[in-house]
Amino acid sequence: MLLNDLQIKQELEKTLKGFVGRHRNISEIFLKHANNYKNLIQSIDIDYDELSLERRLLLGAYSTMEYSIESTAPFNPSIIEDSDQSFLAEGEKRVIISFRATGEGHLSSIVFRKGILDGSNNLRMIETHKHIDLPDIIKKKTYDKKRFMKKMEEMHIPKTYSSPFMDSLPDCWLTMPCFSTNFSFRKRSELSIQ
């Protein structure tokens, strides 16, 4: 916070140059990381919203660590047929491959790639983009019993196995935070939204 505006601009410029070509929108990542410190900054009587965009970007840069997700090794490959089989030569099949990629610090990520199998089962991988983005995680909290039952039928799971636990569930339920091994379900009508 002690740097003046010119120093901030110079440091940010050097930092952004270091990331050129490796990230689709590094500024968005820096701002997201800076926002993680909003309460801390305000707790020392600095108005976060009054900070310049450049100052927030640099703050976010200081708390960002670049990580190579595929630097060590791929493990546990799995392959399925892609639902899009358009524009292929006869005998070719487009596939999706998932695997566990181990990167720096032996941290694992799930990675997806596309490829095309030819008539002799030779695999040609489709070139990946240079940029990798983090997904937006959306947690589904409402569940429908009929959809679960239908999926179990599609998977040919006999009702003798599914009925003991599915029969006791309401038609629709919301997940609730569990703090013990005892699971409980509550009907949507029993919940009050505040």
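In case you missed it, the structure is sitting above this.
Residue indices begin from 1 for each chain and proceed along its sequence in written order. Where local features are concerned, this predicted model is filtered to residues with pLDDT of at least 70; where side-chain atom pairs are given and counted, the filter is 80 or more; whole-chain, interface and lining totals use all residues. Computation of side-chain values covers all heavy atoms of the structure but excludes hydrogens and water.

1. Remarks on the packing of helix α1 (residues 5-19) against helix α2 (residues 26-35)
To get an axis, fit a line to the C-alpha atoms, keeping to the stretch in contact for a helix; angles then go from 0 to 180 degrees between the N-to-C directions. Helix and strand labels come from DSSP, where a helix needs a run of H or I of at least four residues and a strand needs a run of E of at least two; each type is numbered from the N terminus. Where α1 contacts α2, the axes come no closer than 11 Å and their chain directions differ by 125°. By the angle between their directions, the pair α1 and α2 is classed as oblique. With respect to the hand of their crossing, α1 and α2 are arranged in right-handed fashion. Along its contact with α1, which presents Thr-15, Leu-16 and Phe-19, the element α2 presents Ile-26, Ser-27 and Phe-30. Residues are grouped as follows: Ala, Val, Leu, Ile, Met, Phe, Trp, Tyr, Cys and Pro are nonpolar; Asp, Glu, Lys and Arg are charged; every other residue, Gly included, is polar. Split into classes, the residues belonging to the contact of α1 with α2 amount to 4 nonpolar, 2 polar and no charged. Should an angle fall under 35 degrees it is taken as roughly parallel, and over 145 as roughly antiparallel, whereas 65 to 115 is taken as roughly perpendicular and any remaining angle as oblique. It is the rotation of the near helix from the far one that decides the hand of a crossing: anticlockwise by less than a right angle makes it left-handed, clockwise makes it right-handed. Here, residues are in contact when the closest pair of their heavy atoms is within 4.5 Å.

2. A short note on the sheet that holds strand β2 (residues 93-102)
When DSSP finds two or more bridges between two strands, those strands count as paired. Spatially, 4 strands are ordered β1-β2-β3-β4 in an open sheet, and the strand pairing comes out antiparallel. One side of each edge strand has no neighbouring strand; the edge strands of this open sheet are β1 (73-81) and β4 (123-125). Each adjacent strand pair in this sheet contributes to an overall mean axis angle of 35°, direction not counted. As judged from the 3 bridges shared by strand β3 (residues 108-117) and β4, these two strands associate in the antiparallel manner. Each residue of the ladder has a partner; that of Gly-115, found in β4, is Met-125.

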